[in-house]
Amino acid sequence: ATGDAAARCKAKHLAFFEAKGLGIEDPVVREEVAALSREIGRQCANFERDINADTADVKLKRYELQGVPESLLDSLPSDDGGVTVKVSMKAPILTPVLQNA
């Protein structure tokens, strides 16, 4: 059993390194993959920064959010006594809404 776990662990790590391009023998291609990986990292960082800077929200009616925990809905701001709620684009709010609604 221990040998199986070690083999799975090794295979997983090798697959990770190969996905990063480290198994590519041609140095030109390996550098292209590395450059693309760096660019993807930059774009991901920019996306995260932009999402974190976004202050937008969406007003939704409670019935449109069926499946979202009531405790979350009750915590959201509302201008009309709870008939509609403001859902922000921030992960702590948006993630459970997307997962449950």
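Fair warning: this is a prediction, and the values are worked out from it, not measured in the lab.

Basis of the calculations
Residues numbered from 1 in each chain as written. Predicted model: local features only at pLDDT ≥ 70, side-chain atom pairs only at ≥ 80, totals over all residues. Heavy atoms only, no water. Helix = DSSP H or I, 4+ residues; strand = E, 2+ residues; numbered from the N terminus. Rg over C-alpha atoms; globule rule 2.2 N^0.38 Å. Buried < 20%, exposed > 50% of the residue type's maximum accessible area, 1.4 Å probe, protein only. Contact = heavy atoms within 4.5 Å. Areas by Shrake-Rupley, 256 points an atom, 1.4 Å probe, with all protein chains shown as cover. Lys, Arg positive; Asp, Glu negative; His and termini not counted. Charge placed at Lys NZ, Arg CZ, Asp CG, Glu CD. Core = buried A, V, L, I, M, F, W, Y, C linked by side-chain atoms within 4.5 Å. Expected span 1.5 Å × (residues − 1). Salt bridge = Lys/Arg side-chain N within 4 Å of Asp/Glu carboxyl O.

Some points on the overall build of the protein chain
Reasoning step 1: Looking only at helices and strands, one finds 4 helices and 2 strands in the protein chain.
Reasoning step 2: Over its C-alpha atoms the protein chain spans a radius of gyration of 22 Å, topping by over 25% the 13 Å that the globule rule assigns to 101 residues.
Reasoning step 3: By residue count, 13% of the 101 residues in the protein chain fall in the buried class.
Reasoning step 4: The long-range fraction of contacts in the protein chain, counting pairs at least 24 apart against all pairs at least 6 apart in sequence, stands at 48%.
Reasoning step 5: Total accessible area computed for the protein chain in this model is approximately 7,600 Å², and 60% of it derives from carbon and sulfur atoms.
Reasoning step 6: Of the side-chain charges in the protein chain, 13 are positive and 16 negative, and the distance between the mean point of each set is 3 Å.

Some words on the nonpolar core
Reasoning step 1: Counting 9 residues, the largest nonpolar core is built from Leu 65, Val 68, Leu 72, Leu 73, Leu 76, Val 85, Val 87, Ile 93 and Val 97.
Reasoning step 2: Taken together, the elements giving at least two residues each to this core come down to helix H3 (70-75), strand S2 (84-88) and helix H4 (91-100).
Reasoning step 3: With sequence-adjacent residues up to four places away left out, Val 97 is seen in contact with Leu 65, Val 68, Leu 72 and Val 87.

Considering the environment of Cys 44
Reasoning step 1: Within the fold, Cys 44 resides in helix H2 (residues 27-53).
Reasoning step 2: The sequence separation of Cys 44 and Val 58 amounts to 14 residues, and the corresponding C-alpha distance is 24 Å.

Here's the deal with helix H1 (residues 2-19)
Reasoning step 1: Taking 1.5 Å of rise per residue, 18 residues should cover 26 Å, and H1 covers 26 Å from first to last C-alpha, within 8% of that figure.
Reasoning step 2: Downstream of H1 by one or two residues, Gly 21 has phi in the positive range, about 90 degrees.

Here's the deal with the pattern of salt bridges
Reasoning step 1: Counted according to the given criterion, the structure contains 7 salt bridges.
Reasoning step 2: Of the charged contacts in the structure, one is a salt bridge between Asp 50 and Arg 49, with a shortest N-O distance of 3.3 Å.
Reasoning step 3: Overlapping salt bridges, with partners in common, bring together Lys 59, Asp 79 and Lys 86 in one network.

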